[in-house]
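Next come the chains, spelled out residue by residue.
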Amino acid sequence: MKGTAILEEPGTPARATAALAFESLLEAEQAGLLRLARRLVWDAEEARDVVQATLADAYEKRHGLKDLQAGPAWLRRILVSRAMSHLRRRRVWNVLREALDGGTPLELSPEERFVGAERWRDLGRAVRALPSQQATAFSLRYLEGLELDAVAEAMGIERGTVRIHLYRALKKLKAERALEGETP
């Protein structure tokens, strides 16, 4: 991730400048993307994989980015899409694995064990149990601290739809007692 070189075909100085600007954007956003991915997939190794896939997608689609000022939001949107796909695949795999293992639940990830706080683990489990749209909206809004408009842009949906997903996520998390005391 760090030190990822963006190689551009030799060409005009403008292309070289654009390539350097794009590489700078990726370098500046990598830490934030990794933090967001960890909060979306709740596993450090899987988060790194999602970020790598995001960077590869971004590189392939780099010519579609016309304004580098919109780059951070553009990268978050790619990452959210990748993370949601990953979560869908993981849920299918977990159901299959549980059936094959005779219903034995999967172990907690190393990151969850490291965090150690029972409440944090409970929240993580509850968020993972949410439908992917609700989990993503909750993570972007309350764990990443993005505004509603930024969440809507990252998820590629309307602001009102984000509010619905947040309402449903909070309702489910409160019912599971994963959120107690002051809630967002």
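Model, not experiment: these values are computed from the prediction.

Visitor: I tried to follow the overall build of the chain on my own but got confused; where do I start?
Guide: Within the chain one finds eight helices and zero strands. Sequence-ordered secondary structure for the chain, helices as α and strands as β, is α-α-α-α-α-α-α-α. Across the 184 residues in the chain, those meeting the buried criterion constitute 38%. A sequence separation of at least 24 residues applies to 65% of the contacts in the chain between residues at least 6 apart. Looking at the chain as shown, the accessible area adds up to about 10,900 Å², and 54% of this sits on carbon and sulfur atoms.

Visitor: Just to check I follow, could you spell out the pattern of salt bridges for this structure?
Guide: Oppositely charged side chains can pair when the atoms bearing their charge come close. Using the criterion set out here, one finds three salt bridges in the structure. For the salt bridge of D57 with R82, the shortest nitrogen-to-oxygen distance reads 2.8 Å. Note that D57 is positioned in helix α2 (residues 44–60) and R82 in helix α3 (residues 71–100), a separation of 25 residues in sequence. For R82, a relative accessible area of 31% translates into the label partly exposed. Among the ionic pairs, D149 bridges to R159, the shortest N-O distance being 3.0 Å. Residue D149 is found in helix α7 (residues 148–155), and its partner R159 is found in helix α8 (residues 159–175); the two are separated by 10 residues along the sequence. Residue R159 is classed as partly exposed on the basis of its relative accessible area, which comes to 39%.

Visitor: Is there a simple way to explain the nonpolar core in this structure?
Guide: Side chains of nonpolar character tend, in soluble globular proteins, to be buried together. V51, L79, V80 and L140 are the most contacted members of the largest nonpolar core, which has 33 residues in total. Listed by contribution, the elements that provide at least two residues to this core are α1 (13–41), α2, α3, α6 (132–143), α7 and α8. Among the elements that line this core, the one with the most residues is α1, at nine residues. Once you skip the residues sitting within four places of it in the chain, L140 turns out to touch L36, V80, G145, L146, V151, A154 and M155. The next biggest cluster of nonpolar side chains, apart from the first, holds 11 residues, and it includes W42, A126, L130 and L170.

Visitor: Looking at this structure, I do not really get the side chain of D43. What am I missing?
Guide: Among the secondary structure elements, D43 is positioned in the loop between α1 and α2. A distance of 3.2 Å separates a polar atom in the side chain of D43 from the backbone nitrogen of E45.

Visitor: I would appreciate a short explanation of α6 in the present structure.
Guide: Summarising burial for α6: nine of the 12 residues are buried, a large majority. What α6 keeps buried is the set S132, Q134, A135, T136, A137, F138, S139, L140 and L143. Of the residues one or two after α6, G145 is the one with positive phi, at around 80 degrees.

Visitor: Would you mind showing me how to read the packing of aromatic side chains here?
Guide: Both the distance between ring centres and the angle between the ring planes are used here to describe each pair of aromatic rings. Per the stated rule, a full pass over the model turns up two aromatic pairs. With a centroid separation of 6.2 Å and 65 degrees between ring planes, the pair formed by F22 and W74 is classed as edge-to-face. Linking F22 in helix α1 with W74 in helix α3, this pair joins segments that are 52 residues apart in sequence. Since its relative accessible area comes to 5%, F22 is described here as buried. For the pair F138 and Y142, a centre-to-centre distance of 5.4 Å together with 50 degrees between the ring planes defines the contact as tilted. Of this pair, F138 and Y142 are both found in helix α6, four residues apart, which corresponds to roughly one turn of the helix.

Quick notes on the rules
- Residues numbered from 1 in each chain as written.
- Predicted model: local features only at pLDDT ≥ 70, side-chain atom pairs only at ≥ 80, totals over all residues.
- Heavy atoms only, no water.
- Helix = DSSP H or I, 4+ residues; strand = E, 2+ residues; numbered from the N terminus.
- Buried < 20%, exposed > 50% of the residue type's maximum accessible area, 1.4 Å probe, protein only.
- Contact = heavy atoms within 4.5 Å.
- Areas by Shrake-Rupley, 256 points an atom, 1.4 Å probe, with all protein chains shown as cover.
- Salt bridge = Lys/Arg side-chain N within 4 Å of Asp/Glu carboxyl O.
- Core = buried A, V, L, I, M, F, W, Y, C linked by side-chain atoms within 4.5 Å.
- Polar contact = N/O pair within 3.5 Å; in protein donor to acceptor, adjacent residues only side chain to side chain.
- Phe/Tyr/Trp six-rings, centres within 6.5 Å; stacked < 30°, edge-to-face > 60°.

In short, the description is geometric, and any link to function would need to be established separately.
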